[in-house]
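So the chains spell out like this:
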Amino acid sequence: MEKWYLMTAVVLLGLTVRWTVSLNSYSGAGKPPMFGDYEAQRHWQEITFNLPIKQWYFNSSDNNLQYWGLDYPPLTAYHSLLCAYVAQFINPDWIALHSSRGYESQAHKLFMRATVLIADLLIYIPAVVLHCCCLKEISTKKKIANALCILLYPGLILIDYGHFQYNSVSLGLALWGVLGVSCDWDLLGSLAFCLAVNYKQMELYHSLPFFGFLLGKCFKKGLKGKGFVLFVKLAGTVVASFTLCWLPFFTERAQALQVLRRLFPVDRGLFEDKVANIWCSVSVFLKIKDILPHHVQIIVSFCLTLLSLLPACVKLTLQPSPKAFRFTLVSCALSFFLFSFQVHEKSILLVSLPVCLVLSEIPFMSTWFLLVSTFSMLPLLLKDDLLMPSVVTTMAFFIACATSFSIFEKTSEEELRLKSFSVSVRKHLPRFTFLPRIIQHLFIISVITMVLLTLMTVTLDPPQKLPDLFSVLVSSVSCLNFLFFLVYFNIIIMWDSKDGRNQKKIH
Amino acid sequence: MRIKWVECAALSVMAALSVMTGGGSWFLALALGVTLLKCLLIPTYHSTDFEVHRNWLAITHSLPISQWYYEATSEWTLDYPPFFAWFEYALSHVAKYFDQEMLNVHNLNYSSSRTLLFQRFSVIFTDALFVYAVHECCKCVDGKKACKELTEKPKFILSVLLLWNFGLLIVDHIHFQYNGFLFGLMLLSIARLFQKRHMEGAFLFAVLLHFKHIYLYVAPAYGIYLLRSYCFTANKPEPAASSLFPTLPFQEGPLSCILGSKLLGFVQCFGQSALRHRLLSVGKAGDASIFLILTTTGHYSLFPLLFTAPELPIKILLMLLFTIYSISSLKTLFRKEKPLFNWMETFYLLGLGPLEVFCEFVFPFTSWKLKYPFIPLLLTSVYCAVGITYAWFKLYVSVFTDPPVGKTKKQ
């Protein structure tokens, strides 16, 4: 592409921001005895390097599962093992069995941060660049601006390079999956997505749209001919990739079951800590965890999740298109986030990724959502002492989006993709023309609330009787915003008709 | 962590400015963007210059003026002219709201987190003068052809090269100094000269000299330019004057004079001299080539200043970012003229890559590290000196051999 140098500059800028954020503190820094996610990742390197595979997911005298036991699928374990080999080469003390617990040093921090950067550079960033280059019907300048905004999304940077995680690996693999199936490289796309699921089981939030889209493609090709062949090939790819990842654990039935038990801890309850979903917000007024028995909680959660995501997924299966696929990824992941079991606040990143992908189509709403998603993680970020990088990266992201997309000028019905919906409503209520104005006002209220809550949380002390007041307020406000977005994205999906919008070519 | 209202106010100002960029002002977006990057550099390594300035805050705040230039509790005595001392005095009145302890002359090497925050913020905020000066300079630069594409406009390229200057970011916001503010003064005085507001330009330069005397290096250029273009202009009947200065390169305007004399001084921080050259570089291809050689070499010569491991990726990434952008954008701007570099120059610039790899990644693992630890510094200095001397020589040749530019052109 022309202007390759601008794209390179954008990537370099993204990397610079990432590394400067990583100079700050990490989760659990200097906080024995449990520390935090950083120590968890270090511990997994210790376990995978020193113990045989059979013991990785089992409780033993060498592997105390209560102390950051492995609870991600095998690919994370293999990645940890790879990092452990490098760590062993540099300084074996970092991963010595037992004695390296709680190891913290400047050199070790550099190493750990470097592993995140390298993984990001190899997997996530190329996927983002490729996605932006493949966008159709927009100028080169807009493609580069799009890449800049996606790479500056604060949520992912703060969690991966601040708190410390490897979300860029799973999200990057999922993105490769999206790119693959959108460009009709279905087998490669499915393989990439399977690897993503085998890295972090939360990627299952994206599985139904993938399934629906691919199934829809098979239907389109005709179930008796090419469609059936495709279906079989896809099934084969999925089975093969899962088998490959889980091979060491298929030797004994107990192994596989134990891994599954670690990945899906249904015993842990409806939610933990403060998270911006329905269950946590409702429990402010109604203690669901105490009222409903455990198995009923699971059933209610399951039903609500399924009900909220079914319409969009069914529509995707019947009318598969890459655009519908991206929007369905958003609504499906958001449904899971809001209604599912044992959701953590970091899972919002699973919704943020597809929203980044539709940034060029609905810049205003996407920017708004991405700001709220970062805000929803505020209590976690404050706990990790990441206030300054959070505020700075959020402002940088906002400026990048505002300048690149002129978001405040893109709030008409047409640009919000609400034209078909408004037209339908106007058949019954002719005066229904005020939707864009309502949305603009809601945006202003939302932003002001987020700013005020942030200021309050960092400057004031909560009242003694309500020590969690601010976290609860943050998660409840975020939850309200997310519910609004759930409705909005579902409206776009359901009212998106082929004749209503200006004809955009399906890739 | 409970932060104070002062910090909230600072962040709110920036947030308000961010909202204003929604209006689409690219200059404001560039300025705010680099300011945010500077905020991200707050936790990076800082040199002894940090303690130098803390000490000066303490001296000017706690002691009477008569003692300022005598106080020697710390080894970092006040060695800048009085205006800078007043500047530190003014800053100290804000500093007391962050951490009173830093203003104690006996608190040597005091660097609490609030002290660090204040110091870093003071550099970031005083850079506002630099931003304003860049804005004024951009007004003086006009694209010859009407460019529809924003990223190809000379104004845009100049703004990026100045606001996002690698040298300033590294020296001011990591190593720790106040060069942005001072260069702002200098750029502003140059802009005023460009705008034919000679008295203002001269006044600003005089003020600058009282902030940091190192700018004496460019005083000859200022003096000669002002004499020729303000005191003894061609309109006035002063034949003796024009014969006094027959061959000096004032046709080019103030910049070549300044650059020439600056290079003549063989300034230590080579990269900073390239700042003045930036304004010329968006005007002519030949100058762009000299600028790029000077800048790239000068910036690389700053690498030894940041020798800590966490800052290694930052300096490499930012250097690559700036270099790739500057070379590519200027190449695009001058794509219709001859190529910017000949094979020798290209080879030289590309050689910086292997040099860096050797100095930072290979040498530390060799046996020479213990015996000859100075080798990387030696190699860096010599290699960069070659490039800078070459750029200086090329500039002098171009200034004397290029056809004179008409006076009306610089309106």
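Calculation notes
- Residues numbered from 1 in each chain as written.
- Chains lettered and ligands numbered in written order.
- Predicted model: local features only at pLDDT ≥ 70, side-chain atom pairs only at ≥ 80, totals over all residues.
- Heavy atoms only, no water.
- UniProt positions renumbered as here; feature names shortened; annotations may be inferred.
- Helix = DSSP H or I, 4+ residues; strand = E, 2+ residues; numbered from the N terminus.
- Rg over C-alpha atoms; globule rule 2.2 N^0.38 Å.
- Buried < 20%, exposed > 50% of the residue type's maximum accessible area, 1.4 Å probe, protein only.
- Contact = heavy atoms within 4.5 Å.
- Areas by Shrake-Rupley, 256 points an atom, 1.4 Å probe, with all protein chains shown as cover.
- Lys, Arg positive; Asp, Glu negative; His and termini not counted.
- Charge placed at Lys NZ, Arg CZ, Asp CG, Glu CD.
- 1 Å grid on protein atoms, 1.4 Å probe; cavity = no way out; pocket = protein on both sides within 12 Å on 5 of 7 lines; lining within 4 Å.
- Points joined across faces, edges and corners; volume = space filled by probe spheres on them.
- Phe/Tyr/Trp six-rings, centres within 6.5 Å; stacked < 30°, edge-to-face > 60°.
- pLDDT = per-residue confidence, 0-100.
- Axes fitted to C-alpha atoms, helices over the stretch in contact; angles between N-to-C directions.
- Parallel < 35°, antiparallel > 145°, perpendicular 65-115°, else oblique.
- Left-handed = near helix turned anticlockwise from the far one by under 90°.
- Nonpolar A, V, L, I, M, F, W, Y, C, P; charged D, E, K, R; others polar.
- Buried area = accessible area lost by both parts, 1.4 Å probe.
- Salt bridge = Lys/Arg side-chain N within 4 Å of Asp/Glu carboxyl O.
- Polar contact = N/O pair within 3.5 Å; in protein donor to acceptor, adjacent residues only side chain to side chain.

- As named in an unreviewed UniProt entry, chain A is Alpha-1,3-glucosyltransferase, taken from Equus asinus.
- Of chain A, the UniProt comment under Pathway (unreviewed entry) reads exactly: "Protein modification; protein glycosylation."

### Structural notes on the overall build of chain A
- When you go through chain A residue by residue, the secondary structure sums to 21 helices and 0 strands.
- In terms of overall size, chain A behaves like a compact globule, its C-alpha atoms giving a radius of gyration of 23 Å where 507 residues would be expected to give roughly 23 Å.
- Seen along its three principal axes, the alpha-carbon backbone of chain A occupies a region of about 70 × 65 × 60 Å.
- The buried share among the 507 residues of chain A stands at 58%.
- Here the contacts in chain A between residues at least 6 apart in sequence split such that 76% fall between residues at least 24 apart.
- Here chain A displays about 21,000 Å² of accessible surface, and carbon together with sulfur accounts for 68% of that area.
- Here chain A carries 43 positive and 31 negative side-chain charges, and the mean point of each set is 10 Å from the other.

### Some words on the environment of Ala29(B)
- Of note, Ala29(B) is situated in helix H2 (residues 26–40).
- When the C-alpha positions of Ala29(B) and Val134(B) are compared, they lie 14 Å apart, and in sequence the two are 105 residues distant.

### Thoughts on empty space enclosed by the protein
Residues and elements named next belong to chain B.
- Taken as a whole, this structure holds 6 cavities of 30 Å³ or more when the rule is applied.
- Looking at the second largest cavity, its volume works out to about 50 Å³.
- Mapped by element, the contributors of at least two residues to the lining of the second largest cavity are helix H6 (113–140) and helix H8 (166–176).
- Per-element accounting of the lining of the second largest cavity gives the leading share, 4 residues, to H8.

### A closer look at the packing of aromatic side chains
- In this structure the tally under the stated criterion is 62 aromatic pairs over all chains.
- Ring geometry for Tyr57(A) against Phe249(A): centres 5.4 Å apart, planes inclined by 80 degrees, an arrangement best described as edge-to-face. Residue Tyr57(A) is found in the loop between helix H2 (37–50) and helix H3 (74–90), and its partner Phe249(A) is found in the loop between helix H9 (207–246) and helix H10 (253–263); the two are separated by 192 residues along the sequence.
- Residue Tyr57(A) is classed as buried on the basis of its relative accessible area, which comes to 0%.
- Ring geometry for Phe83(B) versus Phe211(B): centroids 5.7 Å apart, planes at 80 degrees, classification edge-to-face. Of this pair, Phe83(B) sits in helix H5 (residues 82–95) while Phe211(B) is found in the loop between helix H10 (198–209) and helix H11 (219–231), placing the two residues 128 residues apart along the sequence.
- Residue classification places Phe83(B) among the partly exposed positions, given a relative accessible area of 33%.

### Quick look at the confidence of the model for chain B
Residues and elements named next belong to chain B.
- Chain-level statistics for chain B give a pLDDT mean of 83 and a share of 81% at 70 or above.
- Here helix H12 (residues 239–244) is the element of chain B with the lowest mean pLDDT, 40, and H5 is the one with the highest, 95.
- Low pLDDT, under 50, characterises residues 237–268; the stretch is placed with 61 contacts to residues that sit more than four places away or in other chains.
- Low pLDDT, under 50, characterises residues 270–276; the stretch is placed with 26 contacts to residues that sit more than four places away or in other chains.
- Two numbers describe this predicted complex: its pTM, 0.91, and its ipTM, 0.92.

### Structural notes on the packing of helix H16 (residues 363–376) of chain A against helix H21 (residues 469–495) of chain A
Residue and element names in this part refer to chain A.
- Where H16 contacts H21, the axes come no closer than 9 Å and their chain directions differ by 150 degrees. Taken together, H16 and H21 sit at an angle that is classed as roughly antiparallel. Remark: the crossing between H16 and H21 carries left-handed chirality. When H16 is examined against H21, the residues Met 365, Trp 368, Phe 369, Val 372, Ser 373, Phe 375 and Ser 376 are found in contact with a partner set consisting of Val 474, Val 477, Ser 478, Asn 481, Phe 482, Phe 484, Phe 485 and Tyr 488.
- Of the residues belonging to the contact of H16 with H21, the class tally is 11 nonpolar, 4 polar and no charged.

### Comments concerning the interface of chain B and chain A
- The partner chain A presents 39 residues to the 42 residues of chain B that form the contact.
- Between chain B and chain A, the buried area comes to about 3,500 Å², and carbon and sulfur atoms account for 78% of it.
- Taken together, the connections running from chain B to chain A amount to 1 salt bridge.
- With a closest N to O distance of 3.7 Å, Glu152(B) and Lys3(A) form a salt bridge.
- The interface formed by chain B and chain A contains 1 residue pair in polar contact (both at pLDDT 80 or more).
- Broken down by element, the residue count for the side of chain B that touches chain A peaks at 11 residues, all from helix H16 (residues 312–333) of chain B.
- Its residues assigned to classes, the side of chain B that touches chain A shows 31 nonpolar, 8 polar and 3 charged.

### Details of helix H15 (residues 349–357) of chain A
- Most of H15(A) sits inside the fold, with 9 of its 9 residues counted as buried.
- Regarding H15(A), the residues found buried are Leu349(A), Leu350(A), Val351(A), Ser352(A), Leu353(A), Pro354(A), Val355(A), Cys356(A) and Leu357(A).

### Things to note about unusual backbone geometry
- Between Pro32(A) and Pro33(A) the backbone carries a cis peptide bond, its omega angle lying at 0 degrees.
- If you trace the backbone, Pro33(A) turns up in the loop between helix H1 (4–22) and H2.
- Although it is not a glycine, Glu137(A) sits at a positive phi angle of roughly 60 degrees.
- Mapped onto the secondary structure, Glu137(A) falls in the loop between helix H4 (106–133) and helix H5 (140–151).
- Even without being a glycine, Asn109(B) presents a positive backbone phi close to 60 degrees.
- Looking at where Asn109(B) falls in the secondary structure, it is placed in the loop between H5 and H6.
- Taking relative accessible area as the criterion, Asn109(B) reaches 57% and is therefore assigned exposed.

### Overview of the side chain of Gln41(A)
- You can see Gln41(A) is positioned in helix H2.
- Non-local contacts of Gln41(A), meaning those with residues more than four positions away in its chain, are made with Ser80(A), Met112(A), Phe164(A) and Tyr166(A).

### Digging into the confidence of the model for chain A
- Averaged over every residue, the pLDDT of chain A is 92; residues scoring 70 or more account for 98%.
- This model gives residues 499–507 of chain A a pLDDT under 50, and the stretch forms 13 contacts once residues within four places in sequence are excluded.

### Examining the layout of surface pockets
- Here the second largest pocket is characterised by a volume of approximately 1,400 Å³.
- Every residue lining the second largest pocket is counted, 43 residues in all, and those nearest its centre are Ala309(B), Leu312(B), Pro313(B), Glu360(B) and Phe361(B).
- Taken together, the elements giving at least two residues each to the lining of the second largest pocket come down to H1, H3 and H4 of chain A together with H16, helix H18 (352–362) and helix H20 (375–401) of chain B.
- Residue composition of the lining of the second largest pocket, grouped by class: 34 nonpolar, 5 polar and 4 charged.

### Section: the pattern of salt bridges
- This structure, assessed with the given rule, holds 21 salt bridges over all chains.
- Note that Lys346(A) and Asp37(A) form a salt bridge whose closest N and O atoms lie 3.7 Å from each other. Here the residue Lys346(A) occupies a position in the loop between helix H14 (322–339) and H15, and Asp37(A) occupies one in helix H2, the gap between them amounting to 309 residues.
- Relative accessible area serves as the criterion here: at 16%, Asp37(A) is assigned to the buried category.
- Put simply, Arg426(A) and Glu413(A) hold a salt bridge, and the shortest N to O gap is 3.0 Å. On the criterion of sequence distance, the pair formed by Arg426(A) in helix H19 (residues 419–426) and Glu413(A) in the loop between helix H18 (387–405) and H19 is long-range, its members being 13 residues apart.
- Since its relative accessible area comes to 22%, Arg426(A) is described here as partly exposed.
- Look at Glu413(A) and you get buried, because its relative accessible area is 11%.
- By sharing partners, the salt bridges in this structure join Glu136(B), Lys139(B), Arg192(B), Arg197(B) and Glu200(B) into a single network.

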